[in-house]
Amino acid sequence: MRSFLKPVAGLSCLLALAVTGCSTTTTATAGSTQAQDAPEEPYTSYAPYVSATTAADQDTAGSPAAYNLAFVISDGDGCTPAWGGSHDIDDPAVTSRIAGLGETGAALRVSFGGASGAELATVCDSAEDLAEAYGATLDAAGATRADFDIEGDTLADSGSVALRSEAVALLQEQRPGLDVSFTLPVMPSGLDDDSVALLESANDHGVQVATVNIMTMNYGSAYTGDMGDYALDSAKATHTQLKEIFGQSDEGAWHAMALTSMIGVNDVDDETFTLADAAQVRTFAEEKEIAWVSMWSTFRDQQCADDSSPATECTGVTQSPGAFAEAFTG
């Protein structure tokens, strides 16, 4: 992906991935004439990517259960984390912005990496230093969830892959219960060899991976079909791979998956992810009880003005503000 409310009932269950979905019921009390079941909450939650530094009017559309805060990378001076490479992790304006998102009742997930800049594992000298940098960022954001968006040349860098796995395992030892996800590129045929190697490295180092979040976007010139269908094909292929890598059951592999789409016009010619595609993905995710669905990004969830760029500011499709968020919420 590019670099750059209201709390949901049953949130802890919605974000716990190795268990079955949960529902809320009311039981009859003495003297009552009828026991009524409360509506069952969907297993799949909505957790969009947002800018950690800049608010958007669409941030709260769809009442997200969690926010993916994008992105933390090196500040350009070694193993020092910074938002977008330019904002200190304890910048008061940023921490205030993040705190405001948390006040909606949504969980907070820090996303490390992204498409641009130096992911910290490529510049830190040791697993201990890397774990300290990751942990300091989580503390500054008040977050207990960590996402690692690994793509491009970084994904193929076996040295940083191994160092990251070691650091994340150490971080989970220091912070029991830390929720870890990996966000990876995908094709309709599934994860590539580098992504599989990354997950195998995490598994070999004892990292407890809660979710594998696949980026159903930017497939390339060989793919010219329906983006909704491609997203489902990608999920099905990845599901088979997750069962093999982690030894999971059919159900467990679906629970351990998340889907992120680039809404509207993508970075690749002839790829446009529509509102109908978003509804299709949401329906599929609920049927399979996929952990969460997401999008890049809240600040793009609006129709373009004449001088706007679909790549960074809007979707390039006809829509009302926040329409994709509502579609992904279901």
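Here, every reference points to the structure presented above.
Residues numbered from 1 in each chain as written. Predicted model: local features only at pLDDT ≥ 70, side-chain atom pairs only at ≥ 80, totals over all residues. Heavy atoms only, no water.

**Observations concerning the pairing of strand β8 (residues 179-185)**
Most of β8 sits out of view: six of its seven residues are buried. Pairing of strand β7 (residues 145-149) with β8, which is carried by five bridges, proceeds in the parallel orientation. Note that in β8 the partner of R145 across the bridge is D179. A crossover connection joins β7 to the parallel β8 through helix α4 (residues 158-174); in handedness this β-α-β unit is right-handed. Sheet topology note: the β8/strand β9 (residues 209-216) ladder contains six bridges and is parallel. Bridge pairing links P185 to M215 in β9. You can see the chain leave β8, run along helix α5 (residues 193-204) and come back into β9, and the turn it takes is right-handed. (Buried < 20%, exposed > 50% of the residue type's maximum accessible area, 1.4 Å probe, protein only. Helix = DSSP H or I, 4+ residues; strand = E, 2+ residues; numbered from the N terminus. Pairing = 2+ DSSP bridges. Right-handed = clockwise from strand over helix to strand, strands pointing away.)

**Focus: the packing of helix α3 (residues 127-141) against α4**
Between α3 and α4, whose axes approach to 8 Å, the crossing angle comes to 55 degrees. In terms of orientation, α3 and α4 fall into the oblique class. Between α3 and α4 lies a crossing of right-handed hand. In this structure, α3 contributes A127, E128, L130, A131, Y134, G135 and L138 to the contact, and α4 contributes L163, R164, E166, A167, V168, L170 and L171. (Axes fitted to C-alpha atoms, helices over the stretch in contact; angles between N-to-C directions. Parallel < 35°, antiparallel > 145°, perpendicular 65-115°, else oblique. Left-handed = near helix turned anticlockwise from the far one by under 90°. Contact = heavy atoms within 4.5 Å.)

**Topic: the nonpolar core**
When a protein is soluble and globular, its nonpolar side chains tend to lie buried together. Membership of the largest hydrophobic core comes to 77 residues, with the highest contact counts inside it found for L69, W83, Y134, F182 and F328. Apart from the residues within four sequence positions on either side, Y134 is in contact with F112, E119, L120, A121, F148, R164, A167, V168 and L171. (Core = buried A, V, L, I, M, F, W, Y, C linked by side-chain atoms within 4.5 Å.)

**Considerations on the state of the cysteines**
Going through the model one piece at a time under the given rule, you end up with two disulfides. Two residues share a disulfide in this structure: C79 and C124, whose sulfurs sit 1.8 Å from each other. Its torsion about the S-S bond being 85 degrees, the disulfide of C79 and C124 is classed as right-handed. With C79 in the loop between β3 (66-74) and β4 (81-83) and C124 in the loop between β6 (107-113) and α3, the pair connects residues that are 45 residues apart, well separated along the chain. For C79, a relative accessible area of 25% puts it in the partly exposed group. Exposure remark for C124: the relative accessible area of 6% places this residue in the buried category. A sulfur-sulfur distance of 2.0 Å marks the disulfide that ties C304 to C314. The S-S bond linking C304 to C314 shows a torsion near 95 degrees; that makes this disulfide right-handed. Of this pair, C304 sits in the loop between β13 (292-296) and α9 (323-329) while C314 sits in the loop between β13 and α9, placing them ten residues apart in sequence. (Disulfide = S-S within 2.5 Å.)

**A short note on the packing of aromatic side chains**
Taken as a whole and assessed by the stated rule, the structure comprises 13 aromatic pairs. Look at Y49 and F71: their rings are 6.1 Å apart centre to centre, the planes differ by 40 degrees, and that puts the pair in the tilted class. Of this pair, Y49 sits in strand β2 (residues 49-51) while F71 sits in strand β3; the two residues are 22 residues apart in sequence, bridging distant segments of the chain. Geometrically, the ring pair formed by Y219 and Y223 is tilted, given 6.0 Å between the ring centres and 55 degrees between the ring planes. By relative accessible area, Y219 is classed as buried at 5%. Above the plane of the ring of W292 lies R109, whose end atom (NZ or CZ) is 4.3 Å from the centre. (Phe/Tyr/Trp six-rings, centres within 6.5 Å; stacked < 30°, edge-to-face > 60°. Lys NZ or Arg CZ within 6 Å of the ring centre and 35° of its normal.)

**Some details on the pattern of salt bridges**
One pass over the full model with this rule turns up five salt bridges. Taking the shortest distance from any N to any O, the salt bridge between R97 and D59 comes out at 2.8 Å. Taken together, the residues R97 in helix α2 (residues 92-102) and D59 in the loop between β2 and β3 connect sequence positions 38 residues apart. Here D59 falls in the buried class, since its relative accessible area comes to 4%. With its nearest N and O atoms 2.9 Å apart, the salt bridge here joins D139 to R175. (Salt bridge = Lys/Arg side-chain N within 4 Å of Asp/Glu carboxyl O.)

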